[in-house]
Amino acid sequence: MVELFFERFGKVITEFLEFFGGFGRILFQSAREMVTPPYYVSLTLSEVYSIGYKSIPLIAATCLSTGMVIALQIAYGLEKFGGQLYVPKVVALSFIRELGPVFTSLMVAARVGAGIAAEVGSMNVTEQIDAIRALGTSPIKRIVIPRVLGTLISLPLLTTFGILIGLIGGMIVCYTDLSLTPQYYYNKIMETLTLKDFFSGLGKTFFFAIFISIIGCFKGFTTTGGTRGVGLSTTESVVISAITILISDFFLSKFFLSL
C-alpha cells in the first residue's frame, strides 16, 4: 500500500514537472521567436477572427445571464437590510474586477483552448508538424505565435465587451425588479468605479490569454495515440486551463490590488 502511494505520488510529481517544463519551454521559444522575422500577420488576423469574433455570442449569453443572476441574488441578500440601493455598486465592482474577466476567460478556455489543442494535436498525430520542420519552418512561429497573439488581442476585447453586457444585465434586473431607473444605475456605477478597478480586471486577461493559448499548444504538441489521444489532449487542455485561471486569479487579484 505504501509503495503504491509513493508510486502514484511520484507519477503525479513527474507529470507536473514535465508539464511545467514544457509550458516554460514553449513560452520562452515563443517570446524569443516573436520578435524575429518572418511575421505571419495573416495567420494572426485569422486567429483574432476565429478566437475573438466567433466567441462574441457565447460571451454575450454568458455575461448577460451572469449579470442578471448576480444582481438578483445581491438584491435578495440586501433586501433584509434595506440596502437595495447599493445593488448597482456591488454588481459593478464584482463584475468588473472578478466575474467579467474570469467568466470570459473560462468560456474562451472551453471554446478556444479546446480548439487549439484539437487542431494542433491532429497536426501532430498526422505528422504535419514534422513536415513543417522538414520544410525549414519553425512550428513555434507558424503554429504557436499566431494563436498566442490572437488570444492576447482577443481576450481583453472580449472581456471589455463581456463586462459591458454583464452590467446591462444587472441594469435590466434593477429596473424590472427593484424599480431603479437606468439613469440612477448608471450614476451609481460612475460614482463607484475607477480606472484602477477596470485595469485590475483587464490586466488579468493578458495572463489568462497566455495560459489558455500556451497550454492548448503544449497539449497539442504532446498528443500521441491517434484520434483517442486528440480527445484526451482536448479534455486535459480545458481542465488545466480552467484550474490555472481560477488559481492564478487569487494571486493576480492580490497583486493588482496592492498596486
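Residues numbered from 1 in each chain as written. Predicted model: local features only at pLDDT ≥ 70, side-chain atom pairs only at ≥ 80, totals over all residues. Heavy atoms only, no water.

In terms of regular secondary structure, the chain is built from nine helices and zero strands. Listing every helix and strand of the chain by position from the N terminus yields α-α-α-α-α-α-α-α-α. Its C-alpha atoms give the chain principal-axis dimensions of about 65 × 55 × 35 Å. The buried share of the chain, taken over its 259 residues, is 42%. (Helix = DSSP H or I, 4+ residues; strand = E, 2+ residues; numbered from the N terminus. Buried < 20%, exposed > 50% of the residue type's maximum accessible area, 1.4 Å probe, protein only.)

Turning to the side chain of Ser233, a few remarks are in order. The topology assignment puts Ser233 in helix H9 (residues 226-258). With near-sequence residues (within four places) excluded, Ser233 lies in contact with Ala117, Lys219 and Thr223. (Contact = heavy atoms within 4.5 Å.)

Turning our attention to unusual backbone geometry. Here the residue pair Pro37 and Pro38 is connected by a cis peptide bond, since its omega of 0 degrees sits within 30 degrees of zero. Despite not being glycine, Glu127 shows a phi value in the positive range, around 65 degrees. Within the secondary structure, Glu127 sits in the loop between helix H4 (87-125) and helix H5 (128-134). Positive phi, normally seen in glycine, also occurs at Ser179, with a value near 60 degrees. On the accessibility criterion, Ser179 (62% relative accessible area) is exposed.

With that settled, the discussion passes to the nonpolar core. If you look at the biggest cluster of nonpolar residues, it comprises 52 residues, and the most contacted ones within it are Ile26, Val87, Val108, Ile143, Val144, Leu167 and Phe221. Looking at this core, the elements that each hand over two or more residues are helix H1 (2-33), helix H3 (56-79), H4, H5, helix H6 (139-177), helix H7 (182-192), helix H8 (195-221) and H9. (Core = buried A, V, L, I, M, F, W, Y, C linked by side-chain atoms within 4.5 Å.)

Moving on, we come to the packing of aromatic side chains. Geometrically, a pair of aromatic rings is defined through the distance of the ring centres and the angle of the planes. Tallying each qualifying case throughout the model produces seven aromatic pairs. Ring geometry for Phe19 against Phe218: centres 5.5 Å apart, planes inclined by 70 degrees, an arrangement best described as edge-to-face. Here Phe19, found in helix H1, pairs with Phe218, found in helix H8; they are 199 residues apart in sequence, far enough to count as distant. Taking relative accessible area as the criterion, Phe218 reaches 8% and is therefore assigned buried. Taken together, a centroid distance of 5.3 Å and an interplanar angle of 70 degrees make the contact between Phe255 and Phe256 edge-to-face. Judged by relative accessible area, Phe255 falls into the partly exposed class, the value being 44%. (Phe/Tyr/Trp six-rings, centres within 6.5 Å; stacked < 30°, edge-to-face > 60°.)

Within the element layout of this structure, Lys141 appears in helix H6. Not counting the four nearest positions on each side in its chain, Lys141 is found in contact with Glu33, Thr36, Pro37, Pro38, Tyr40 and Pro146. At 2.4 Å, the side chain of Lys141 and the backbone oxygen of Glu33 are in polar contact. (Polar contact = N/O pair within 3.5 Å; in protein donor to acceptor, adjacent residues only side chain to side chain.)

On to the packing of H3 against H6. Between H3 and H6, whose axes approach to 7 Å, the crossing angle comes to 40 degrees. Between H3 and H6, the angle falls in the class oblique. Crossing of H3 over H6 shows right-handed handedness. Here Ile56, Ile59, Ala60, Cys63, Leu64, Gly67, Met68, Ala71 and Leu72 of H3 lie close against H6, whose contacting residues are Leu158, Phe161, Gly162, Ile165, Gly166, Gly169, Gly170, Ile172, Val173 and Asp177. In terms of residue class, the contact of H3 with H6 is built from 13 nonpolar, five polar and one charged. (Axes fitted to C-alpha atoms, helices over the stretch in contact; angles between N-to-C directions. Parallel < 35°, antiparallel > 145°, perpendicular 65-115°, else oblique. Left-handed = near helix turned anticlockwise from the far one by under 90°. Nonpolar A, V, L, I, M, F, W, Y, C, P; charged D, E, K, R; others polar.)

Time to look at the pattern of salt bridges. Pairing is possible between side chains of opposite charge, provided their charged atoms come close. The final tally for this structure, using the stated rule, is eight salt bridges. Residue Glu98 pairs with Lys204 through a salt bridge whose shortest N-O separation is 2.6 Å. In this pair, Glu98 is assigned in helix H4 and Lys204 in helix H8, connecting sequence segments 106 residues apart. Overall, Glu98 belongs to the partly exposed group, its relative accessible area being 27%. The exposure class of Lys204 is buried, given its relative accessible area of 2%. With a shortest N-O distance of 3.2 Å, Asp130 and Arg133 are connected by a salt bridge. Highlighted residues: Asp130 and Arg133, both in helix H5, separated by three residues, approximately one helical turn. A residue is classified by how much of its surface remains accessible, and Asp130, at 41% relative accessible area, is partly exposed. Each member of the salt-bridge network shares a partner with another, and the members are Glu47, Glu119 and Arg147. (Salt bridge = Lys/Arg side-chain N within 4 Å of Asp/Glu carboxyl O.)

For the rest of this paragraph, the subject is the confidence of the model for the chain. Taken as a whole, the chain shows an average pLDDT of 89; of its residues, 98% reach a score of 70 or greater. No element of the chain has a lower mean pLDDT than H1, which averages 82, and none a higher one than H6, which averages 94. (pLDDT = per-residue confidence, 0-100.)

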